[in-house]
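Next come the chains, spelled out residue by residue.
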Amino acid sequence: MDTPEDRLLLIVEDDEAFARTLARSFERRGWRVLHAGSLAEVQQLLAEHQPSHAVVDLKLRGEATGLACVQALHAASADMLIVVLTGFASIATAVEAIKLGACQYLAKPSNTDDIEAAFARTEGDTEVELTNRASSIKTLEWERIHEVLAETGFNISEAARRLGMHRRTLTRKLDKRRV
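Fair warning: this is a prediction, and the values are worked out from it, not measured in the lab. (Residues numbered from 1 in each chain as written. Predicted model: local features only at pLDDT ≥ 70, side-chain atom pairs only at ≥ 80, totals over all residues. Heavy atoms only, no water.)

(A) Examining the nonpolar core more closely. Among the nonpolar cores identified, the biggest contains 37 residues, and Leu10, Val12, Val42, Val56, Leu73 and Ile82 are the most heavily contacted of them. In this structure, Val56 is in contact with Val12, Gly66, Cys69, Val70, Leu73, Ile82, Val83, Val84 and Leu85, ignoring residues within four places of it in sequence. By size, the runner-up hydrophobic cluster in this structure holds 16 residues, among which are Leu9, Leu22, Cys103 and Ala118. (Core = buried A, V, L, I, M, F, W, Y, C linked by side-chain atoms within 4.5 Å. Buried < 20%, exposed > 50% of the residue type's maximum accessible area, 1.4 Å probe, protein only. Contact = heavy atoms within 4.5 Å.)

(B) Just the packing of aromatic side chains, in detail. Applying the stated criterion across every chain, the model contains 2 aromatic pairs. Each ring, one from Phe26 and one from Trp31, has its centre 5.6 Å from the other, and the planes form 90°; the classification is edge-to-face. With respect to burial, Phe26 and Trp31 carry one shared label: buried. Aromatic side chains Trp31 and Phe119 sit 5.9 Å apart centroid to centroid with 35° between the ring planes, which places their arrangement in the tilted category. You can see Trp31 sitting in the loop between α1 (16-28) and β2 (32-36) and its partner Phe119 sitting in helix α5 (residues 112-120), a full 88 residues away along the chain. Its relative accessible area of 5% is what places Phe119 among the buried residues. (Phe/Tyr/Trp six-rings, centres within 6.5 Å; stacked < 30°, edge-to-face > 60°. Helix = DSSP H or I, 4+ residues; strand = E, 2+ residues; numbered from the N terminus.)

Have a look at this one:
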């Protein structure tokens with residue numbers, strides 16, 4: 001079991017209410033918790049603290065995404081266990097998050113139990129069930145949209161331009177498929 005010094009959690013979330021709720025839940029379980037709402041705040045906290053664990057929201061307001069935060073956290077400590085939470089789950093962003101140093105990728109809504117379980121599962125599972133289901137056109141479109149969104153730092157206008165569609169059309173598609 002981790003000692004209290006080993007249980008410093010950094011929550012990177014721009015939704016203050018959700019971050020507060022998550023922080024209280026982890027504190028009740030014996031974690032020390034820090035909160036950042038942006039990449040700049042993450043960098044400030046890393047100058048003073050060495051978190052052992054982090055929970056990072058994929059889509060943050062402002063100039064940087066959660067992926068940039070994952071990269072900065074992993075660069076600060078390769079041993080830090082990082083879980084990415086998102087309401088916009090896609091294979092493209094999951095792959096990038098893992099490449100950048102996250103140990104797990106969870107779709108919202110996820111609770112404290114889910115996140116702690118994700119911290120405990122840092123190894124891959126060779127027994128995971130494989131499916132024979134082919135991807136549908138809608139799934140492929142959804143994956144491509146999220147791949148381009150990740151490439152553009154979740155800039156809707158730039159993603160729409162690269163996808164060859166109107167910004168409002170892309171916004172409507174994103175609103176329809178919230179996870």
